Amino acid sequence: MPTAPACPQCTLDNTYVDGAQWICADCGYEWSAEAATADQALVVRDVNGNVLAAGETVTVIKDLKVKGSSIPLKQGTVIRNIRLVEDDAEHIEGHSDKIKGLVLKTCFLRKA
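Reading the values: the criteria
Residues numbered from 1 in each chain as written. Predicted model: local features only at pLDDT ≥ 70, side-chain atom pairs only at ≥ 80, totals over all residues. Heavy atoms only, no water. Pairing = 2+ DSSP bridges. Helix = DSSP H or I, 4+ residues; strand = E, 2+ residues; numbered from the N terminus. Axes fitted to C-alpha atoms, helices over the stretch in contact; angles between N-to-C directions. Core = buried A, V, L, I, M, F, W, Y, C linked by side-chain atoms within 4.5 Å. Buried < 20%, exposed > 50% of the residue type's maximum accessible area, 1.4 Å probe, protein only. Contact = heavy atoms within 4.5 Å.

Which residues make up the sheet that holds strand β7 (residues 78–84), and what values do they have?
The strand order across the open sheet built from five strands is β9-β8-β7-β6-β10, with neighbouring strands paired in antiparallel fashion. On the outer flanks of this sheet lie β9 (102–105) and β10 (109–111), each paired with one strand and no other. Each strand axis lies, on average, 45 degrees off the axis of its neighbour in the sheet, ignoring direction. Summarising the sheet, strand β8 (residues 91–95) and β9 pair through four bridges and their orientation is antiparallel. Its bridge partner being in β9, Glu93 is matched across the sheet by Val103.

In structure tokens form, the structure reads like this:
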């Protein structure tokens, strides 16, 4: 069963599905299930607010220490072919030339 979205009108979580409609038990507002799933689409943004998509290239904006490695990521390091982390708009996965398997916060990245 899908997670019940908050009501778009009163923002309370007391909602339920009835056929193809979501209904808020508190205010009585009804909306379509398609609109509810479209509103919940994950949008990942870089530090400048640009939308990131899987497969794009990003650049590190400041020097970062990498846990488990003695090699830091320097400012300007390019991360190619990023992957979006499911259900998390603040992290991406990718590889640099020297370090593989990175999980980076989007607040330290900008779209290249």
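Once the structure has been displayed, the description carries forward.
Pulling in residues and values, what's your account of the nonpolar core?
Across soluble globular proteins, you tend to see nonpolar side chains buried next to one another. Counting residues in each nonpolar core, the largest one holds 14 residues, and the members touching the most others are Leu73, Ile79, Leu102 and Leu104. Of all elements in the fold, only β6 (58–60), β7 and β9 reach the threshold of two or more residues within this core. When near neighbours in sequence (up to four residues on either side) are disregarded, Leu102 contacts Val66, Leu73, Ile79, Ile92, Glu93, Gly94 and Ser96.

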